[in-house]
Each structure stands twice: as C-alpha cells, then as structure tokens.
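Analysis of the macromolecular model
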Amino acid sequence: MRLDGKVALVTGAGGGIGSAVAAAYAEAGADCIVAEQPDRMADLDPVCEAIRGHGRRAEPLPLQLPDAASIDEHVREAMAVMGRIDILVNNAGVNRPKDAFDVTEDDWDLVLGVNLKGLFFLSQQVGRHMRDAGGGKVINMASIMGVVGYYQRAAYCSSKAAVVNLTRVLAIEWAPFKINVNAIGP
C-alpha cells in the first residue's frame, strides 16, 4: 500500500490504534495530521517523531471533540498548513463503563458527544473539503460493540451502533462525490 502525496488526519492519535495508524500511513508515504485533546498534546510528540522518521510531515492538532467550533477552527488551520486532507480516520473515542442503572447524564453526553457527535461534525467538515477536491476516504473506528451488547457499556455500545449506521448513511450520500466511507470494528 502506497499513500505517496496523500494527507491523512487521524484523531485520537496520542496512543494505541491512532498512533499505530498514523505511523503506518507515514511508512506508506502519507503526511499526517495527528489530533488529540488539548490537554494530551504531549502524547503526540513520539507519534510526530515516528512520522518524521519516515521522512513525512507531521502536524499536531489540538481537537476538542465534540465542540463544533473547535472542529471548524482546527480543520481550517490544518488545511492551511497541509493544503488538503485525503484520508480521515475517526479514531477518537471514550468509554465510561458503568452498570446501566448508574450511567449519569454527564456520562452519556460525554460518550455520545465524543464517539458520535464529534465524529459526525468532523466528518462533515473534512467531507466538504474532500467533495471540493474530488474525493477522499473516511474510516470510522466503530467496534464489535456496535453490533453486540456488553455489560457496563450502555452508552459506549449505543454510540458505536450509531457510528455503524452513520457510516452507512455517509457512504450512500457521499459516494457520488467519490468519498469512500467505511467503518472498522475492532
């Protein structure tokens, strides 16, 4: 797989799956915008170092999901620096494991806010740029828990099930613009 000349934006890139995806994309030739919560920006230092070690450009991006104003502002900044976004990997996600009886409104709002609302509005903003550029790829990190239930995961499973179906909707709507939308269910 070669991604020479492409620019990828990977959210939740400060560790785990996100940092591995960013490093793999850089190894395949892509420049990377790596996003993380503003209070976790230091987590991006080794990720940017790994990307640059492959001879690729790395742009750290503070992104406060699900804040639509933060999304709009920072996507504009990333576009100004990199000039384009060809691939979006919506990897950022949170979980607050609790028995369903104990889930608070704040728990629910946080999990669905980051995992669903933030993913949607980031996809919408980046998708507009992809549409205007003639196409792109959106990869949503869903979860096996988006299709099966699990103990203490009412909010998380609900958010990931919504991501699965949102992916279907975006795939249908954006196909005419040559924007390929898929989900992965680790």
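Described below are features of the structure shown in this document. For every chain, the first residue of the written sequence is number 1, and numbering continues from 1 onward in sequence order. Note on the predicted model: pLDDT of at least 70 is required for a residue's local features to be given, and 80 or more for side-chain atom pairs to be given and counted; whole-chain, interface and lining totals, by contrast, use all residues. Note that the side-chain values use all heavy atoms of the structure and ignore hydrogens as well as water.

1. With respect to the nonpolar core
Side-chain atoms within 4.5 Å are what join buried Ala, Val, Leu, Ile, Met, Phe, Trp, Tyr and Cys residues into a set we call a nonpolar core. Accessibility here uses a 1.4 Å probe with only protein chains present; expressed as a share of the type maximum, an area under 20% marks a residue as buried, one over 50% as exposed, and anything in between as partly exposed. Counting 29 residues, the largest nonpolar core has Leu 9, Ile 33, Ile 85, Leu 122 and Val 126 as the members making the most contacts within it. Should any heavy atoms of two residues lie within 4.5 Å, those residues are counted as being in contact. Beyond its immediate sequence surroundings of up to four residues, Leu 122 is in contact with Leu 9, Thr 11, Leu 63, Ile 71, Val 75, Leu 88 and Asn 90. Formed by 21 residues, the second largest nonpolar core is a distinct cluster that contains Ala 8, Ala 30, Cys 48 and Met 141.

2. Notes on the environment of Ala 162
Every helix listed is a DSSP run of H or I at least four residues long, and every strand listed is a run of E at least two residues long, numbered separately from the N terminus. Here Ala 162 is to be found in helix H5 (residues 154-174). Its relative accessible area of 24% is what places Ala 162 among the partly exposed residues. Between the alpha carbons of Ala 162 and Ala 28 there is a distance of 31 Å; along the sequence they are 134 residues apart.

3. Comments concerning the pairing of strand E5 (residues 136-141)
Burial analysis of E5 places five of its six residues in the buried class, which makes it a mostly covered element. Of the pairings in the sheet, the one linking strand E4 (residues 87-90) to E5 comprises four bridges and is parallel in character. Pairing of Val 89 across the sheet is with Ile 139, part of E5. Where the polypeptide runs from E4 across helix H4 (residues 105-133) and back to E5, its parallel neighbour, the crossover connection is right-handed. Two strands pair if DSSP finds at least two bridges between them. We call a crossover right-handed when, viewed with the strands running away from us, the connection from the first strand over the helix to the second turns clockwise.

4. What about the packing of aromatic side chains?
Here is the rule: rings of Phe, Tyr and Trp (six-membered ring for Trp) pair when centre to centre is within 6.5 Å. Planes less than 30 degrees apart are stacked, more than 60 are edge-to-face, and the remainder are tilted. Under the counting rule described, the total for this entry stands at two aromatic pairs. For the pair Phe 120 and Phe 121, a centre-to-centre distance of 4.9 Å together with 80° between the ring planes defines the contact as edge-to-face. Judged by relative accessible area, Phe 120 falls into the partly exposed class, the value being 26%. Judged by centre distance (6.1 Å) and plane angle (75°), the ring pair of Tyr 150 and Tyr 151 falls under edge-to-face. A residue is classified by how much of its surface remains accessible, and Tyr 151, at 70% relative accessible area, is exposed.

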